[in-house]
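The primary structure of each chain is shown beneath.
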Amino acid sequence: VQLQAFGGGLVRAGGSLRLSCAVSGRTFSYYRMGWFRQGPGKKREFVAGIRWSGDSTYYADSVKGRFTISRDNVKNTMYLQMNSLRLEDTAVYYCAVITSLGSYYHIADLYDHWGQGTLVTVSS
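Residues numbered from 1 in each chain as written. Predicted model: local features only at pLDDT ≥ 70, side-chain atom pairs only at ≥ 80, totals over all residues. Heavy atoms only, no water.

1. Section: the overall build of the protein
Argument step 1. Of the regular secondary structure elements, the protein holds zero helices and eleven strands.
Argument step 2. Reading the protein from its N terminus to its C terminus gives the helix and strand order β-β-β-β-β-β-β-β-β-β-β.
Argument step 3. The C-alpha atoms of the protein give 13 Å as radius of gyration, which agrees with the globular expectation for 124 residues (14 Å, within 12%).
Argument step 4. The proportion of buried residues among the 124 residues of the protein is 42%. (Helix = DSSP H or I, 4+ residues; strand = E, 2+ residues; numbered from the N terminus. Rg over C-alpha atoms; globule rule 2.2 N^0.38 Å. Buried < 20%, exposed > 50% of the residue type's maximum accessible area, 1.4 Å probe, protein only.)

2. Thoughts on the sheet that holds strand 1 (residues 2–6)
Argument step 1. Taken together, four strands build an open sheet; the order of strands is 1-3-8-7 and the sheet is antiparallel. Because the sheet does not close on itself, it has two edges, and the strands there are strand 1 and strand 7 (67–72). Here the average twist between neighbouring strands, direction ignored, is 15°.
Argument step 2. Examined bridge by bridge, strand 1 and strand 3 (residues 17–24) share five bridges and lie antiparallel to one another. Across the sheet, the residue bridging to phenylalanine 6 is serine 20, located in strand 3. (Pairing = 2+ DSSP bridges. Axes fitted to C-alpha atoms, helices over the stretch in contact; angles between N-to-C directions.)

3. Digging into the pattern of salt bridges
Argument step 1. Within the structure shown, the criterion is met by five salt bridges.
Argument step 2. Between lysine 64 and aspartate 61 there is a salt bridge, with its nearest N and O atoms 3.1 Å apart.
Argument step 3. Through salt bridges that share partners, Arg37, Glu45, Arg66 and Asp89 make up one connected network. (Salt bridge = Lys/Arg side-chain N within 4 Å of Asp/Glu carboxyl O.)

4. Some words on the environment of tryptophan 52
Argument step 1. Structurally, the position occupied by tryptophan 52 is in the loop between strand 5 (45–50) and strand 6 (57–59).
Argument step 2. For tryptophan 52, a relative accessible area of 35% translates into the label partly exposed.
Argument step 3. Sequence-wise, tryptophan 52 and aspartate 72 are 20 residues apart; in three dimensions their C-alpha atoms are separated by 9.9 Å.

5. Notes on the pairing of strand 5
Regular strands place their side chains on alternate faces of the sheet.
Argument step 1. Counting buried positions over the six residues of strand 5 gives five, a clear majority of the element.
Argument step 2. Looking at chain direction, strand 4 (residues 32–38) and strand 5 are connected through five bridges and run antiparallel. If you follow phenylalanine 36 over to strand 5, its bridge partner there is phenylalanine 46.
Argument step 3. As consecutive antiparallel partners, strand 4 and strand 5 are separated by six residues, and within that stretch glycine 41 has a phi angle of approximately 70°, a positive value.
Argument step 4. In this structure, the hairpin formed by strand 5 and strand 6 is closed by a connection of six residues, where glycine 54 is found at a positive phi of approximately 85°.

Next up, the structure:
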């Protein structure tokens, strides 16, 4: 399984960006998927997760109400719509998949495959 994240960039505080994560290799439809981020000098942290069907989503408290995770199983792509961006959202954002059964999303060690990361920089 290969993942490629893109869509990062420089944006002003209050602005929006949409990240995409293209998945190739094995069947995409049955994976749990998630977005994580790692800010300067910080540990990698969970941002959002989505069930294989797309009907259940999970968010870190810090992004709830501002970010929206979604997926298109036909295009084998996951998205993260980020609105009302804040300075503290500056980070490298990673997409990842879990290929085994389960119900957790926020634990990084559960994810089998990771994308290379895309940098989001929010300026004042």
